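This is what each chain is made of:
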Amino acid sequence: MFDNHTHSQYSCDIPQGEGNTIRELCISAIEKGLEGIAITDHYDIDGMLDGHYPMLDSDSIAREVMEAKEEFKGKLKVLHGIELAQANQYPIEATEKANSQPYDIILGSLHTVKGMYDFGTTDLAKMTKNEYVSIWDRYLSDMIDVIKWGNFDVLTHITYPKRYYLIKGIPDDFPDIKNKGREYFEPILKAVIDKGFTLECNTSGLRQKIGECLPNEDLFRFYYELGGRDVSIGSDAHFERHLGANFKEATEMLKNVGFKYLAKFESRKKDFYKI
Ligand SMILES: [Zn+2]
Ligand SMILES: [Zn+2]
């Protein structure tokens, strides 16, 4: 299988000295029996262009990925990717970034809404109900804008705020993805299908408080009912130990829904393999 969403020590959310080199990730991926991994370090364009986060060292990543492609040829497909987040906030610069390297795969991502930085680093617990309801609504409409921007391959972790709403103590019943997920995500899933993007099954939730893939089984079922067949799997590993984590469980869930194939990418060309 291909793990289409992984992070090396270059991702700015990994404390210095705690992450893994690209080479270490590759060695671990081979040990875990993966066929390929995409290195998709964070490029949160709002925080980076505003000076809130250090700039991503894209040249060093490109060099190390190219070296790893050579070194592990025949043993592991090493794919050059990027997790490009908040493209809706800087669409022109985001397109320049997407075209700046010969990427194999680009993840279209959204970690926050305009006026805030990543939910993971924001004190959400201090928000009033009106604020967190409004942020959720803005998150969904910003995602439509990311899709309209469109210079990506895979739409990632579409239920991302829920992960942090739970961690930061916002009541469990908001957003009510279990009962209202279809209502929240119908325009997003239809746009993904219409425009030929791939929907990510992000398994990180299975090792976190949310306890389910992002998105969950019911949303994959809804996507399938709407005609969606195009799914990518990613662990969102920030450390080698999480590469390919919970893929067995997640693929069983996807197969139960009806999916038969998963997407893989090279030079931004999509192909499918059977699960
Ligand atoms: Zn992300
Ligand atoms: Zn990620």
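Higher on the page you've got the structure.
Residues numbered from 1 in each chain as written. Chains lettered and ligands numbered in written order. Predicted model: local features only at pLDDT ≥ 70, side-chain atom pairs only at ≥ 80, totals over all residues. Heavy atoms only, no water.

Caption draft 1: Up close: the overall build of the chain. On a plain count of helices and strands, the chain comes out with nine helices and ten strands. The C-alpha atoms of the chain give a radius of gyration of 17 Å, which matches the 19 Å a tight globule of 275 residues would have. Structurally, the chain occupies a C-alpha span of about 50 × 45 × 30 Å along its principal axes. Taken across its 275 residues, the chain has 56% of its residues classed as buried. Partitioning the intrachain contacts of the chain with sequence separation of at least 6 by distance along the chain shows that 74% fall at a separation of at least 24. Here the chain displays about 11,800 Å² of accessible surface, and carbon together with sulfur accounts for 48% of that area. Distance between charge centroids for the chain: 5 Å, based on 34 positive and 45 negative side chains. (Helix = DSSP H or I, 4+ residues; strand = E, 2+ residues; numbered from the N terminus. Rg over C-alpha atoms; globule rule 2.2 N^0.38 Å. Buried < 20%, exposed > 50% of the residue type's maximum accessible area, 1.4 Å probe, protein only. Contact = heavy atoms within 4.5 Å. Areas by Shrake-Rupley, 256 points an atom, 1.4 Å probe, with all protein chains shown as cover. Lys, Arg positive; Asp, Glu negative; His and termini not counted. Charge placed at Lys NZ, Arg CZ, Asp CG, Glu CD.)

Caption draft 2: Quick look at helix α4 (residues 91-98). Three or more residues of α4 are buried, namely Ala94, Lys97 and Ala98. One side of α4 carries all its buried residues, which in axial view fall inside an arc of 100 degrees. Seen from the buried face of α4, the exposed residues on the opposite side, beyond 90 degrees, are Ile92 and Glu96. Elements in contact with the buried residues of α4: β3 (42-44), α2 (45-49), α3 (58-71), β4 (77-85), β5 (105-109) and α5 (129-149). (Arc of directions from axis to C-beta.)

Caption draft 3: Spotlight on the coordination of the zinc ion (ligand 2). Every protein donor of the zinc ion (ligand 2) is listed here as His5 (NE2), His7 (NE2), Glu83 (OE) and Asp236 (OD), and their distances to the metal cover 2.1 to 2.2 Å. Coordination at the zinc ion (ligand 2) is irregular: its four donor atoms span angles of 83 to 169 degrees at the metal. If you look at the zinc ion (ligand 2) and the zinc ion (ligand 1), they sit 3.3 Å from each other and are both ligated by Glu83. Of this pair, Glu83 sits in strand β4 while Asp236 sits in the loop between β8 (231-234) and α9 (247-257), and the two are 153 residues apart along the sequence. Each member of the pair, Glu83 together with Asp236, is buried. (Donors = N, O, S within 2.8 Å, 3.2 Å for Na, K, Ca; no water. Tetrahedral: all angles 85-135°; square planar, octahedral: opposite > 155°, others 65-115°.)

Caption draft 4: Representation of the coordination of the zinc ion (ligand 1) within the structure. The coordination sphere of the zinc ion (ligand 1), as far as protein atoms go, consists of Glu83 (OE), His111 (NE2) and His157 (NE2), spread over 2.0 to 2.1 Å. In terms of primary sequence, the donors binding the zinc ion (ligand 1) are separated according to E-x27-H-x45-H.

Caption draft 5: The arrangement of the pattern of salt bridges in detail. Under the criterion given, the structure shown has 14 salt bridges. Close ionic contact of Glu70 with Lys73 constitutes a salt bridge, the shortest N to O distance being 3.2 Å. For Lys73, a relative accessible area of 56% puts it in the exposed group. Between Lys190 and Glu186 there is a salt bridge whose closest N-O contact spans 2.7 Å. With Lys190 and Glu186 both in helix α7 (residues 177-195) and four residues apart, this pair spans about one turn of that helix. The exposure class of Lys190 is partly exposed, given its relative accessible area of 38%. Overlapping salt bridges bring together Arg182, Asp218 and Glu225 as one network. (Salt bridge = Lys/Arg side-chain N within 4 Å of Asp/Glu carboxyl O.)

Function-wise, these values are silent; they only describe arrangement.
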